[in-house]
Amino acid sequence: FYSDNSPELVAAARAMHWPHTTSTPGRPASNGIAERAVRTVLEAARALLLHAGLPELWWPYALRYAAFMRNIEDVAGTSAYERRHGVPFHGPLLPFGCLVDFKPSDVRIALDQPLHKFAARAVPGIFLGYTIPPGGAWRNEYVAFSLSDARGSQTECLSDVPVHRVMELLPPVDDFVFPLKEPYELGRRTFPLAHVFADRGMVFEHLELDEPTYSDP
(Lines give C-alpha, C1' and ligand atoms only; values in the text may rest on other atoms or scores of the structure.)
Protein backbone atom coordinates (compact mmCIF):
# COMPACT_ATOMS: atom_id res chain seq x y z
CA PHE A 1 0.00 0.00 0.00
CA TYR A 2 1.60 3.28 -1.19
CA SER A 3 0.26 6.70 -0.24
CA ASP A 4 1.17 10.09 1.10
CA ASN A 5 1.45 10.64 4.85
CA SER A 6 -2.20 11.42 5.52
CA PRO A 7 -2.93 10.42 9.14
CA GLU A 8 -6.15 8.61 8.20
CA LEU A 9 -4.31 6.46 5.64
CA VAL A 10 -1.48 5.70 8.05
CA ALA A 11 -4.01 4.72 10.73
CA ALA A 12 -5.97 2.55 8.29
CA ALA A 13 -2.86 0.69 7.13
CA ARG A 14 -1.82 0.11 10.73
CA ALA A 15 -5.27 -1.19 11.67
CA MET A 16 -5.33 -3.56 8.68
CA HIS A 17 -1.72 -4.69 9.25
CA TRP A 18 -0.78 -3.72 5.70
CA PRO A 19 2.82 -3.01 4.64
CA HIS A 20 2.71 0.74 4.05
CA THR A 21 5.19 2.74 1.98
CA THR A 22 4.76 6.51 2.02
CA SER A 23 6.04 9.43 0.00
CA THR A 24 8.70 11.77 1.37
CA PRO A 25 7.09 14.53 3.48
CA GLY A 26 7.22 17.92 1.78
CA ARG A 27 8.27 16.44 -1.58
CA PRO A 28 5.20 16.13 -3.85
CA ALA A 29 7.35 14.69 -6.63
CA SER A 30 7.95 11.57 -4.54
CA ASN A 31 4.21 10.85 -4.63
CA GLY A 32 4.32 10.41 -8.40
CA ILE A 33 2.93 6.86 -8.43
CA ALA A 34 -0.34 7.85 -6.76
CA GLU A 35 -0.59 11.14 -8.67
CA ARG A 36 -0.14 9.35 -12.00
CA ALA A 37 -2.81 6.78 -11.11
CA VAL A 38 -5.27 9.51 -10.13
CA ARG A 39 -4.57 11.45 -13.32
CA THR A 40 -5.12 8.35 -15.47
CA VAL A 41 -8.53 7.65 -13.94
CA LEU A 42 -9.59 11.31 -14.14
CA GLU A 43 -8.66 11.51 -17.82
CA ALA A 44 -10.53 8.28 -18.52
CA ALA A 45 -13.65 9.53 -16.70
CA ARG A 46 -13.59 12.78 -18.68
CA ALA A 47 -13.37 10.86 -21.96
CA LEU A 48 -16.16 8.49 -20.90
CA LEU A 49 -18.56 11.34 -20.19
CA LEU A 50 -17.80 12.98 -23.52
CA HIS A 51 -18.17 9.75 -25.47
CA ALA A 52 -21.43 8.84 -23.73
CA GLY A 53 -22.94 12.32 -24.07
CA LEU A 54 -23.53 12.68 -20.34
CA PRO A 55 -23.17 16.00 -18.48
CA GLU A 56 -20.32 16.52 -16.03
CA LEU A 57 -22.73 16.03 -13.12
CA TRP A 58 -22.48 12.27 -13.71
CA TRP A 59 -18.72 12.17 -13.03
CA PRO A 60 -19.00 9.87 -9.94
CA TYR A 61 -20.37 7.05 -12.13
CA ALA A 62 -17.76 7.64 -14.84
CA LEU A 63 -14.98 7.66 -12.24
CA ARG A 64 -16.11 4.38 -10.66
CA TYR A 65 -16.44 2.78 -14.10
CA ALA A 66 -12.95 3.92 -15.16
CA ALA A 67 -11.35 2.61 -11.97
CA PHE A 68 -13.12 -0.74 -12.25
CA MET A 69 -12.13 -1.16 -15.90
CA ARG A 70 -8.49 -0.69 -14.95
CA ASN A 71 -8.87 -3.35 -12.26
CA ILE A 72 -10.24 -5.94 -14.70
CA GLU A 73 -7.90 -5.05 -17.58
CA ASP A 74 -5.85 -8.03 -18.71
CA VAL A 75 -2.14 -7.21 -18.44
CA ALA A 76 0.37 -9.98 -19.24
CA GLY A 77 -2.28 -12.67 -18.96
CA THR A 78 -3.93 -11.57 -15.71
CA SER A 79 -5.62 -8.61 -14.05
CA ALA A 80 -5.63 -6.89 -10.69
CA TYR A 81 -9.16 -8.23 -10.19
CA GLU A 82 -8.03 -11.82 -10.82
CA ARG A 83 -5.01 -11.52 -8.55
CA ARG A 84 -7.25 -10.16 -5.79
CA HIS A 85 -10.16 -12.62 -6.08
CA GLY A 86 -8.57 -15.66 -7.71
CA VAL A 87 -10.91 -15.62 -10.74
CA PRO A 88 -11.20 -13.29 -13.74
CA PHE A 89 -14.12 -10.91 -14.08
CA HIS A 90 -16.97 -12.93 -15.60
CA GLY A 91 -19.47 -10.18 -16.41
CA PRO A 92 -20.23 -8.65 -19.82
CA LEU A 93 -17.92 -5.84 -20.90
CA LEU A 94 -20.22 -2.93 -21.67
CA PRO A 95 -19.15 0.62 -22.59
CA PHE A 96 -20.19 3.45 -20.31
CA GLY A 97 -23.33 5.24 -21.52
CA CYS A 98 -24.43 2.59 -24.02
CA LEU A 99 -28.04 1.59 -24.66
CA VAL A 100 -29.22 -1.46 -22.70
CA ASP A 101 -32.49 -3.04 -21.64
CA PHE A 102 -33.02 -3.70 -17.95
CA LYS A 103 -35.74 -4.71 -15.52
CA PRO A 104 -36.33 -1.71 -13.24
CA SER A 105 -35.93 -2.11 -9.51
CA ASP A 106 -39.23 -2.99 -7.83
CA VAL A 107 -38.38 -0.54 -5.04
CA ARG A 108 -37.75 2.26 -7.51
CA ILE A 109 -40.96 1.48 -9.42
CA ALA A 110 -42.94 1.67 -6.17
CA LEU A 111 -41.39 5.05 -5.39
CA ASP A 112 -41.96 6.47 -8.86
CA GLN A 113 -44.67 5.23 -11.21
CA PRO A 114 -45.77 1.56 -11.30
CA LEU A 115 -45.58 -0.22 -14.64
CA HIS A 116 -48.84 -1.10 -16.34
CA LYS A 117 -49.88 -4.70 -15.80
CA PHE A 118 -49.34 -5.49 -19.49
CA ALA A 119 -46.28 -3.31 -20.03
CA ALA A 120 -42.94 -4.86 -20.98
CA ARG A 121 -40.96 -5.79 -17.88
CA ALA A 122 -37.69 -4.52 -19.39
CA VAL A 123 -37.15 -0.89 -20.36
CA PRO A 124 -34.47 0.74 -22.54
CA GLY A 125 -31.91 2.71 -20.59
CA ILE A 126 -28.39 4.05 -20.24
CA PHE A 127 -25.67 1.85 -18.72
CA LEU A 128 -23.71 3.56 -15.91
CA GLY A 129 -21.50 0.73 -14.71
CA TYR A 130 -21.25 -2.12 -12.24
CA THR A 131 -22.18 -2.11 -8.57
CA ILE A 132 -19.08 -3.06 -6.59
CA PRO A 133 -19.56 -3.79 -2.86
CA PRO A 134 -16.83 -3.49 -0.22
CA GLY A 135 -14.14 -6.04 -0.99
CA GLY A 136 -14.30 -5.38 -4.73
CA ALA A 137 -15.90 -8.65 -5.92
CA TRP A 138 -18.70 -8.08 -8.45
CA ARG A 139 -22.06 -9.66 -7.53
CA ASN A 140 -23.98 -9.44 -10.79
CA GLU A 141 -25.41 -5.97 -10.19
CA TYR A 142 -25.50 -3.07 -12.63
CA VAL A 143 -26.37 0.63 -12.49
CA ALA A 144 -28.55 2.28 -15.14
CA PHE A 145 -31.31 4.82 -15.72
CA SER A 146 -34.24 4.59 -18.12
CA LEU A 147 -34.62 6.62 -21.29
CA SER A 148 -38.22 7.44 -20.41
CA ASP A 149 -37.01 9.11 -17.20
CA ALA A 150 -34.40 11.04 -19.20
CA ARG A 151 -37.10 12.27 -21.60
CA GLY A 152 -39.15 13.50 -18.67
CA SER A 153 -36.24 15.30 -17.01
CA GLN A 154 -36.88 18.92 -16.10
CA THR A 155 -33.17 19.78 -16.00
CA GLU A 156 -30.57 20.09 -18.73
CA CYS A 157 -28.03 18.00 -16.79
CA LEU A 158 -30.55 15.20 -16.04
CA SER A 159 -29.95 15.66 -12.30
CA ASP A 160 -33.50 14.57 -11.45
CA VAL A 161 -33.27 11.22 -13.27
CA PRO A 162 -33.57 8.25 -10.85
CA VAL A 163 -30.83 5.61 -10.97
CA HIS A 164 -31.60 1.89 -10.73
CA ARG A 165 -29.47 -0.86 -9.18
CA VAL A 166 -30.48 -4.00 -11.05
CA MET A 167 -29.48 -7.60 -11.70
CA GLU A 168 -31.49 -8.23 -14.89
CA LEU A 169 -29.81 -6.34 -17.74
CA LEU A 170 -29.49 -7.20 -21.43
CA PRO A 171 -26.71 -5.78 -23.62
CA PRO A 172 -27.50 -4.83 -27.23
CA VAL A 173 -27.66 -7.65 -29.75
CA ASP A 174 -25.77 -5.79 -32.48
CA ASP A 175 -23.46 -2.77 -32.23
CA PHE A 176 -23.35 -0.53 -29.19
CA VAL A 177 -25.47 2.62 -29.42
CA PHE A 178 -25.08 5.83 -27.38
CA PRO A 179 -28.47 7.60 -27.45
CA LEU A 180 -27.39 10.70 -25.53
CA LYS A 181 -24.35 11.46 -27.69
CA GLU A 182 -26.16 13.19 -30.56
CA PRO A 183 -28.25 15.62 -28.47
CA TYR A 184 -25.22 16.30 -26.27
CA GLU A 185 -23.05 17.24 -29.26
CA LEU A 186 -25.90 19.23 -30.77
CA GLY A 187 -26.06 21.30 -27.61
CA ARG A 188 -22.28 21.80 -27.53
CA ARG A 189 -21.79 22.70 -31.19
CA THR A 190 -24.83 24.84 -31.93
CA PHE A 191 -26.37 27.90 -30.33
CA PRO A 192 -29.19 26.77 -27.98
CA LEU A 193 -32.40 28.80 -28.03
CA ALA A 194 -33.35 27.19 -24.71
CA HIS A 195 -31.33 25.03 -22.34
CA VAL A 196 -33.91 22.27 -22.40
CA PHE A 197 -34.53 19.22 -24.56
CA ALA A 198 -37.26 19.95 -27.10
CA ASP A 199 -38.60 16.42 -27.39
CA ARG A 200 -38.96 15.79 -23.64
CA GLY A 201 -35.25 15.37 -23.22
CA MET A 202 -33.86 13.94 -26.43
CA VAL A 203 -33.31 16.74 -28.98
CA PHE A 204 -32.04 20.24 -28.26
CA GLU A 205 -33.81 23.27 -29.70
CA HIS A 206 -31.01 25.07 -31.50
CA LEU A 207 -30.00 27.61 -34.06
CA GLU A 208 -27.58 26.63 -36.82
CA LEU A 209 -24.91 29.26 -37.35
CA ASP A 210 -23.85 30.16 -40.89
CA GLU A 211 -20.23 30.64 -41.82
CA PRO A 212 -19.17 34.29 -41.33
CA THR A 213 -18.70 36.49 -44.38
CA TYR A 214 -16.10 39.22 -44.67
CA SER A 215 -15.99 42.30 -46.88
CA ASP A 216 -12.85 43.44 -48.64
CA PRO A 217 -10.93 46.12 -46.75
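Please read these numbers as outputs of a predicted model, since none were measured by experiment.

## What to know about the nonpolar core
Inference 1: Counting 37 residues, the largest nonpolar core has Leu-54, Phe-96, Phe-127, Tyr-130 and Phe-145 as its most contacted members.
Inference 2: Setting aside its immediate chain neighbours within four residues, Leu-54 contacts Leu-49, Phe-96, Leu-128, Phe-145, Leu-158, Leu-180 and Tyr-184.

## Details of the confidence of the model for the protein chain
Inference 1: Overall, the predicted model of the protein chain reaches an average pLDDT of 82, with 78% of residues at or above 70.
Inference 2: Low pLDDT, under 50, characterises residues 199–215; the predicted model gives this stretch 39 contacts beyond four residues in sequence or across chains.

## Description of the sheet that holds strand β5 (residues 142–146)
Inference 1: With antiparallel pairing, the 5 strands of this open sheet are ordered in space as β6-β5-β4-β3-β7. Taken across any chain shown, the strands that pair with only one partner, and hence form the sheet edges, are β6 (164–166) and β7 (169–170).
Inference 2: Across 4 bridges, the pairing between strand β3 (residues 99–102) and strand β4 (residues 123–130) is antiparallel. The partner of Val-100 across the bridge, within β4, is Gly-125.
Inference 3: In the packing of helix α3 (residues 59–72) onto the sheet, the strands contacted are β4 and β5, and the crossing angle to β4 comes to about 60°.

## Observations regarding the packing of helix α2 (residues 32–52) against helix α7 (residues 181–189)
Inference 1: Close contact between α2 and α7 brings their axes to 7 Å; oriented N to C, the two are set at 100°. Between α2 and α7, the crossing angle belongs to the class labelled roughly perpendicular. Every residue of α7 that contacts α2 at Leu-50, His-51 and Ala-52 is listed here: Lys-181, Tyr-184, Glu-185 and Arg-188.
Inference 2: Of the residues assigned to the contact of α2 with α7, the class counts are 3 nonpolar, 1 polar and 3 charged.

Rules used throughout
Residues numbered from 1 in each chain as written. Predicted model: local features only at pLDDT ≥ 70, side-chain atom pairs only at ≥ 80, totals over all residues. Heavy atoms only, no water. Core = buried A, V, L, I, M, F, W, Y, C linked by side-chain atoms within 4.5 Å. Buried < 20%, exposed > 50% of the residue type's maximum accessible area, 1.4 Å probe, protein only. Contact = heavy atoms within 4.5 Å. pLDDT = per-residue confidence, 0-100. Pairing = 2+ DSSP bridges. Helix = DSSP H or I, 4+ residues; strand = E, 2+ residues; numbered from the N terminus. Axes fitted to C-alpha atoms, helices over the stretch in contact; angles between N-to-C directions. Parallel < 35°, antiparallel > 145°, perpendicular 65-115°, else oblique. Nonpolar A, V, L, I, M, F, W, Y, C, P; charged D, E, K, R; others polar.

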